[in-house]
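# A structural walkthrough
Here are the chains, one letter per residue:
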Amino acid sequence: MNAYDKVRIARSSGRPTGLVYINSIFSSFIELHGDRRAKDDGAIVAGIAELDGMPVTVIAIEKGRTAAERTMRNFGSASPEGYRKALRLMMEAEKFNRPVITFVDTSGAFCGIEAEERGEGEAIARNLMEMMDLDVPIISILIGEGGSGGALGLAVADRVWMLENAVYSVISPEGCASILFKDSKKAPEAAECLKLTADDALSFSLIERIIPEEGLGTEEFFSALGSAIAEEIRQIRKDADFKEKRYKRFRAF
Amino acid sequence: MISFRMKPENELEKEGRDNIPSPEDEIVCPNCHRTLKKNDILPFMTCSCGHHFRLKARARIGLFFNGFSELFEDEKTRDILSFPGYGDKLEKARKASGENESVITGIASIDGRKVAVFVMESLFMMGSMGHVTGEKITKLFEYALANRLPVIGFTASGGARMQEGLISLMQMAKVSGAVKRHSNAGLLYIAVLTDPTTGGVTASFAMEADIILSEPGALIGFAGKRVIEQTTKKELPKGFQKAEFLLKCGFIDKIVHRKDLEYTLRQLLILHGIEKEGKENIG
């Protein structure tokens, strides 16, 4: 399977979306809305839930599954208000000492006029800064597309995991191809050059773990993933220096 | 600590003025369309209509700072992904800009007040953010934290550097972590956004400063105009993503003409209790 095959799989509509992960892994999820500034961004679903007896804060980018849902979710392209909602809930997580788990699946942050007017760049920048310093464990899981700054804005974490067929890239293969080869149809070649697969990310130590997709979407799959997340949170919590290590993790790149 | 000496005036002249890209005998202002002579736009490379021409990074340093002492200039850029054509591109960028990377970092002073400085070079791959760009800026913030110095940074960038893939993207988080630590220590960071400041630089350290200044007319934004037009199928409003637009939207503190910038920076340093060197800090 080549890199572009993975891009196609990562984007395919049959895959479980962020909300499915939340509903399948956690119990007593209570969704919390809004950034307390301007609006509630449908592209980001967030709230409090329970995992293996622990209260946790969960944040997911949701692409939507039906046409109506996709419109409501803006196809998983978050606006500044989405990143600000996520940050608000991460600050609350810190206050109440809850670990944070994020599920990332986006082709990129929203490229719209309103997004620029309301500071898409500022919103992502603020998240990067605060997530580097957040005093609770953070685990980020890339479940589909990891589109550049829009993905990173929710993926500054102690552990970053990727599903076997997820991709994580600084630019879309199509965008890269149109710059590099002046032809967006050469996206498959560009995808190879960008080294955007989970295997690539692991080989550059940009992520800690690849999650096999055997049984993707089944109860067993989510149950195993939930146990892995809970176990990892306990490991991070045992380490008094985890925040320093998060700094060093990114400092090494 | 790095020893800090003022350079003789004639050297300062050389450092600054010689680096200003010398326009041909005549240059047309893209704003007012008048034909200008070199002397019409010196010393700040600005037209009387208000247009600011792009400046080389070293020319900026010469215009606004004294006694610049460069740090971290030996960092070497590697082609980590073996990306097609990257080696050649780097070579061309080095020739075009006379710099090794898209940012210059060091220590300098304004009115005798010591500051850590980074200045991005748009002639180097349009100031794109490679791993060495991120490394130098991170090191500068760490140095400024260890020596309790304010940071003044000039941004000019097309964003992340495609040829470095995810490693380029990660620089955004890396620099942000260093900015945060510097900020947590109560230290001042002033960003001056210049034309263009976009993409991953806007979505990280350009927007993380305590005080964000901008040059008039600078293009500042997250997404590129063409991408926005394609995504929204709407016509973009007049002046979209210009400094004046961002000021109106509330994302920058102040637009400052180049001729007033040194004065503004000096006043801001004074108001933050940054003393002249050699004086006891009574902060």
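Notes on the structure in this doc start here. (Residues numbered from 1 in each chain as written. Chains lettered and ligands numbered in written order. Predicted model: local features only at pLDDT ≥ 70, side-chain atom pairs only at ≥ 80, totals over all residues. Heavy atoms only, no water.)

## Details of the overall build of chain B
Under the convention used in this document: Elements are defined by DSSP. Helices are runs of H or I of four residues or more, strands are runs of E of two residues or more, and each kind is numbered from the N terminus. When accessible area is computed with a 1.4 Å probe and restricted to protein chains, residues below 20% of their type maximum are described as buried, those above 50% as exposed, and intermediate ones as partly exposed. Residue contacts are defined here by distance: any two heavy atoms, one from each residue, within 4.5 Å place the two residues in contact.
Helices and strands together make up the secondary structure of chain B, namely ten helices and nine strands. Relative to its full complement of 283 residues, chain B shows a buried share of 54%. Summarising the internal contacts of chain B: among those between residues at least 6 apart in sequence, 69% fall at separations of at least 24.

## Notes on the environment of B:Gly158
All names here are of chain B. By the element assignment, Gly158 lies in the loop between strand 6 (151–157) and helix 6 (165–184). Each C-alpha atom of the pair Gly158 and Thr197 lies 6.3 Å from the other, and the pair is 39 residues apart in sequence. Those residues within four positions of Gly158 in sequence are excluded, and the remaining contacts are Met126, Gly127 and Thr198.

## Some words on the packing of aromatic side chains
All names here are of chain B. Convention followed: In this analysis, rings of Phe, Tyr and Trp, with Trp reduced to its six-membered ring, are considered paired at centre separations within 6.5 Å, and the interplanar angle assigns stacked below 30 degrees, edge-to-face beyond 60, and tilted for intermediate values.
Tallying each qualifying case throughout the model produces 13 aromatic pairs over all chains. Aromatic side chains Phe64 and Phe154 sit 5.7 Å apart centroid to centroid with 5° between the ring planes, which places their arrangement in the stacked category. Highlighted residues: Phe64 in helix 3 (residues 57–64) and Phe154 in strand 6, separated in sequence by 90 residues. With relative accessibility at 1%, the residue Phe154 sits in the buried group. With 6.1 Å between their ring centres and 85° between their planes, Phe65 and Phe154 make a pair best called edge-to-face. Of the two residues, Phe65 is situated in the loop between helix 3 and strand 3 (66–71) and Phe154 in strand 6; the sequence distance between them amounts to 89 residues. With respect to class, Phe65 is no different from Phe154; both count as buried.

## Let's talk about the interface of chain A and chain B
Reports of interface size often rely on the accessible area that becomes lost once the parts have come together. Counted only if it meets this: Simply put, the buried area is the total loss of 1.4 Å probe accessible area from both parts when two parts are fitted together. Salt bridge, as applied in this entry: a Lys or Arg side-chain nitrogen positioned within 4 Å of an Asp or Glu carboxyl oxygen.
Listed by partner, the interface residues are 44 residues for chain A and 49 residues for chain B. Taken together, both faces of the contact between chain A and chain B bury some 3900 Å²; the carbon and sulfur share is 72%. It is A:Glu116, A:Met129 and A:Arg251 that lose the most area in chain A upon contact with chain B, and together they represent 17% of the buried surface on that side. Linking chain A to chain B there are five salt bridges.

## Some thoughts on the side chain of B:Gln171
The following threshold applies: N or O atoms within 3.5 Å of each other form a polar contact, as long as, within protein, one can give a hydrogen and the other can take it, and as long as residues adjacent in sequence are counted only when both atoms are side-chain atoms.
By the secondary structure assignment, B:Gln171 is in helix 6. Given the relative accessible area of 0%, B:Gln171 is considered buried. Within polar-contact distance, the side chain of B:Gln171 engages the side chain of B:Lys174 at 2.9 Å. Those residues in contact with B:Gln171, other than ones at most four positions away along the chain, are A:Phe253, B:Met129, B:Gly130, B:His131, B:Gly134 and B:Glu135.

## Here we look at the environment of A:Glu244
Considering the arrangement of structural elements, one finds A:Glu244 in helix 12 (residues 242–251). Distance in space between the C-alpha atoms of A:Glu244 and A:Asp158 is 9.8 Å, their sequence separation being 86 residues. Here B:Arg181 takes part through its side chain, which lies 2.8 Å from a polar atom of the side chain of A:Glu244.

## Overview of unusual backbone geometry
Note: most peptide bonds trans; most residues except glycine with negative phi. Residues and elements named next belong to chain B. The omega torsion of the bond from Leu42 to Pro43 falls at 0°, within 30 degrees of zero and hence cis. Relative to the assigned elements, Pro43 resides in the loop between helix 2 (38–41) and helix 3. Of note, the amide linkage connecting Asp195 to Pro196 takes the cis form, showing an omega dihedral of -10°. Among the secondary structure elements, Pro196 is positioned in strand 7 (residues 189–197). Even without a glycine there, the phi angle at Met45 is positive, about 55°. Relative to the helices and strands, Met45 is located in the loop between helix 2 and helix 3. Phi at Phe72 is positive, roughly 60°, even though this residue is not glycine.

## Concerning helix 6 of chain B
Residue and element names in this part refer to chain B. Condition: Each helix should span, by expectation, one fewer than its residue count multiplied by 1.5 Å.
Compared with an ideal rise of 1.5 Å per residue, which puts 20 residues at 28 Å, helix 6 spans 30 Å between its outermost C-alpha atoms and is within 8% of the ideal. Counting buried residues along helix 6, 17 of its 20 residues qualify, which places the element largely inside the surrounding structure. Following helix 6 by one or two positions, Gly186 adopts a phi angle in the positive range, close to 80°.

## Describing the pairing of strand 8 (residues 211–214) of chain B
Residue and element names in this part refer to chain B. We apply this condition: Only strands that DSSP links by at least two bridges are regarded as paired with each other.
Residues Ile211 and Leu213 of strand 8 are buried on one face, and the alternating residues Ile212 and Ser214, pointing to the opposite face, are buried as well. In terms of strand pairing, strand 7 meets strand 8 through four bridges, oriented parallel. In the sheet register, Val192 faces strand 8, and the bridge partner there is Leu213. Alignment of strand 8 against strand 9 (residues 254–255), held across two bridges, turns out to be parallel. What sits directly across from Leu213, in strand 9, is Lys254.

## Section: the pattern of salt bridges
Within the structure shown, the criterion is met by 41 salt bridges over all chains. A:Arg84 is paired through a salt bridge with A:Glu122; the nearest N and O atoms lie 2.9 Å apart. In this pair, A:Arg84 sits in helix 4 (residues 80–95) while A:Glu122 sits in helix 6 (residues 120–133), placing the two residues 38 residues apart along the sequence. The same class applies to A:Arg84 as to A:Glu122, namely buried. Among the ionic pairs, B:Lys259 bridges to B:Asp260, the shortest N-O distance being 3.4 Å. Within the structure, one salt-bridge network assembled from shared partners comprises A:Arg251, B:Glu75, B:Glu135, B:Lys139, B:Glu142 and B:Lys174.

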